[in-house]
Structure formats: C-alpha cells, structure tokens
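Tertiary structure, described
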Amino acid sequence: VRKNDREFHVGDLLALNEVNDEGEYTDVSIMAQITYILRDPEYCKEGHVIMALDDRIIISKGEDNEVNYTR
C-alpha cells in the first residue's frame, strides 16, 4: 500500500531506497516492476493504491560496495 503521488501504472519501475535512522540514504536500494495495481475505494484509502511488485529485478549495493543483480 502506498500513496499514489506519481500516478503509478502496471509496467512502471519503482525504485525503493533505504534510509537510515538519521534520514540519510544508504547505498541499499531495490528496483522492481509494478505488476498489479488496485485503486478500488472499497479497499484503498483515498489517494492510495495497493500494488504488487515483480521481485526479479533487484539492484542493491551492500556493505562491500559491490552491486548485486538478481533476476
């Protein structure tokens, strides 16, 4: 569930970046394709959507600063 502040559509890529307790971005992130969106007001608060993400596209940068790709 997320605020629909970008008019998401199936097929869009969504980048999620980790933030630490101080509000600073870390080097850890994932990118996934949106595979499903539910906008039905019976199930979603106004201005929000429920979405499903395809986890086959993942990009992360770990503590060792190596970039890892998983499909």
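Sequence positions are assigned chain by chain, starting from 1 and proceeding in written order. Residues qualify for local features only when their pLDDT is at least 70, as the model is predicted, and side-chain atom pairs are given and counted only at 80 or more; totals for whole chains, interfaces and linings, by contrast, use all residues. For side-chain calculations, the full set of non-hydrogen atoms in the structure is used, while hydrogens and water are omitted.

Turning our eyes to something else, we now look at the pattern of salt bridges. In a structure, side chains of opposite charge can pair up when their charged atoms sit close to one another. Should a side-chain nitrogen of Lys or Arg be within 4 Å of a carboxyl oxygen of Asp or Glu, the pair is scored as a salt bridge. This model, assessed by the stated rule, comprises 2 salt bridges. Between D5 and R2 there is a salt bridge whose closest N-O contact spans 3.2 Å. Only protein chains enter the calculation, and the probe is 1.4 Å; a residue is then buried if its accessible area is under 20% of its type maximum, exposed if over 50%, and partly exposed in between. We classify D5 as partly exposed; its relative accessible area is 43%. Taking the relative accessible area as the measure of exposure, R2 reaches 24% and is therefore partly exposed. Where D5 meets R6, a salt bridge forms, and the shortest distance between an N and an O atom there is 2.9 Å. Residue class for R6 comes out exposed when judged on its relative accessible area of 54%. Ionic contacts of the salt-bridge type, sharing partners, join the residues R2, D5 and R6 into one network.

Attention now goes to the pairing of strand 3 (residues 25–38). As judged from the 6 bridges shared by strand 2 (residues 13–19) and strand 3, these two strands associate in the antiparallel manner. Across the sheet, the residue bridging to L16 is I30, located in strand 3. Following strand 2, the chain reverses through 5 residues before pairing antiparallel with strand 3; G23 in that reversal takes a positive phi of roughly 85°. Note: strand 3 against strand 4 (residues 48–54), 5 bridges, orientation antiparallel. Its bridge partner lying in strand 4, L38 is registered against I50. Paired strands, in this sense, are two strands between which DSSP finds at least two bridges. Where helices and strands are cited, they refer to DSSP runs of H or I of at least four residues and of E of at least two residues respectively, numbered from the N terminus.

Counting 6 residues, the largest nonpolar core consists of F8, L14, I34, I37, V49 and M51. Within the residue set of this core, elements represented by two or more residues are strand 3 and strand 4. In contact with V49, not counting residues within four places along its chain, are V1, R2, N4, F8, I37, L38, R39 and C44. Joining through side-chain atoms within 4.5 Å is the link that ties buried Ala, Val, Leu, Ile, Met, Phe, Trp, Tyr and Cys residues into a set, and such a set is a nonpolar core. Every residue pair with non-hydrogen atoms within 4.5 Å of one another is taken to be in contact.

Let us look at the environment of D40. Checked against the element boundaries, D40 lands in the loop between strand 3 and strand 4. Spatially, the C-alpha atom of D40 lies 8.9 Å from that of I50, the residues being 10 residues apart in sequence. Of the polar contacts made by the side chain of D40, one reaches the backbone nitrogen of E42; its length is 2.8 Å. Whenever a nitrogen or oxygen atom comes within 3.5 Å of another N or O atom, the pair is scored as a polar contact, on the condition that within protein one atom can donate a hydrogen and the other can accept it, and that pairs from neighbouring residues in sequence are kept only if both atoms are in side chains.

Here we come to the pairing of strand 4. Sheet topology note: the strand 1 (residues 2–3)/strand 4 ladder contains 2 bridges and is antiparallel. Residue R2 lies in a different strand from strand 4, and its bridge partner there is V49.

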